[in-house]
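# Inside the fold
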Amino acid sequence: MTEFVTAGRKLVPSRHIAFAEPFDPAANPQFHPAKSYAARLVLLGRDSVLTAERVEAFAAANGFRWLVEDRVAINPAVHFTVETFQAEGEFRPKRAYRTRLRWRDGEGNEQSKLLVTAPEAVLSAIEGPPPGEEAAKSAGARRGIRRRQAGGASVDALHP
């Protein structure tokens, strides 16, 4: 993960970004930016920084964990709490949210985001290996198996 992210002319420390999500200009019809933006970086205190980079590309380039169902990239450097969510009382959201992702901002205030991704999948994404690391380990294991099958020496054979 990089130490900071460049979004337009702004440099934002990566540790200050909670998550990234697609930017939808139709959600705020009064906002008419001069440039076209594709993603919104949500900071720990819920402030936003817009970027022209698509959220998927941003996640891959910065080591954020991609939640496909929500189209949200979460920052593994942030300490999150994952909770199950069930709508109660008058609150009836249009989407079938299943998870509440919680974190604290720089002043200690609690922040949260509702997600449709299952809580177990969110926790696995946060706690799992960085994107690409598991694929690299798997590829290395396959190379070792092929080497042993071809009669090559394995590391275990060299060091009893």
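Structure report, in brief.

Parameters at a glance
- Residues numbered from 1 in each chain as written.
- Predicted model: local features only at pLDDT ≥ 70, side-chain atom pairs only at ≥ 80, totals over all residues.
- Heavy atoms only, no water.
- Helix = DSSP H or I, 4+ residues; strand = E, 2+ residues; numbered from the N terminus.
- Buried < 20%, exposed > 50% of the residue type's maximum accessible area, 1.4 Å probe, protein only.
- Contact = heavy atoms within 4.5 Å.
- Salt bridge = Lys/Arg side-chain N within 4 Å of Asp/Glu carboxyl O.
- Pairing = 2+ DSSP bridges.
- Axes fitted to C-alpha atoms, helices over the stretch in contact; angles between N-to-C directions.
- Polar contact = N/O pair within 3.5 Å; in protein donor to acceptor, adjacent residues only side chain to side chain.
- Phe/Tyr/Trp six-rings, centres within 6.5 Å; stacked < 30°, edge-to-face > 60°.

### Details of the environment of Ala59
By the secondary structure assignment, Ala59 is in helix α1 (residues 55-62). Under the relative-accessibility criterion, Ala59 is labelled buried at 3%. Here the alpha-carbon distance between Ala59 and Asn75, two residues 16 residues apart in the chain, equals 8.6 Å. Sequence-distant contacts of Ala59, defined by excluding residues within four places in its chain, comprise Phe64, Trp66 and Ala73.

### Things to note about the pattern of salt bridges
What the rule picks out here adds up to eight salt bridges. Ionic pairing is found between Arg40 and Glu21, a salt bridge with its closest N-O pair at 2.5 Å. Taken together, the residues span a long stretch of sequence, with Arg40 in strand β4 (residues 39-43) and Glu21 in strand β3 (residues 17-22) at a distance of 19 residues. The class of Arg40 is partly exposed, set by a relative accessible area of 22%. Between Glu83 and Arg102 there is a salt bridge; the shortest N-O distance is 2.8 Å. On the criterion of sequence distance, the pair formed by Glu83 in strand β8 (residues 81-84) and Arg102 in strand β9 (residues 99-104) is long-range, its members being 19 residues apart. On the basis of relative accessible area, Arg102 is assigned to the buried category, the value being 19%.

### A short note on the sheet that holds strand β10 (residues 110-115)
With antiparallel pairing, three strands are arranged side by side in an open sheet as β8-β9-β10. Each of the sheet's edge strands pairs with one partner strand only, and the pair in question is β8 and β10. Each strand of the sheet is rotated relative to its neighbour by a mean of 25 degrees, with strand direction disregarded. Together, β8, β9 and β10 form the strand contacts of helix α2 (residues 119-127), whose direction differs from that of β8 by roughly 170 degrees.

### With respect to the side chain of Arg65
Here Arg65 lies in strand β6 (residues 65-67). Only 2.8 Å separates the side chain of Arg65 from the backbone oxygen of Gly128, close enough to count as a polar contact.

### Considerations on the packing of aromatic side chains
Scanning the model with the defined rule gives six aromatic pairs in all. Their ring planes at 75 degrees and their centres at 5.8 Å tell us that Phe19 and Trp103 sit as a pair that is edge-to-face. On the criterion of sequence distance, the pair formed by Phe19 in strand β3 and Trp103 in strand β9 is long-range, its members being 84 residues apart. An identical accessibility class is assigned to Phe19 and Trp103; each is buried. Plain terms: the ring middles of Phe85 and Phe91 are 6.2 Å apart, the flat faces sit at 75 degrees to each other, and that makes the pair edge-to-face. Judged by its relative accessible area of 13%, Phe85 is buried. Its relative accessible area of 43% is what places Phe91 among the partly exposed residues.

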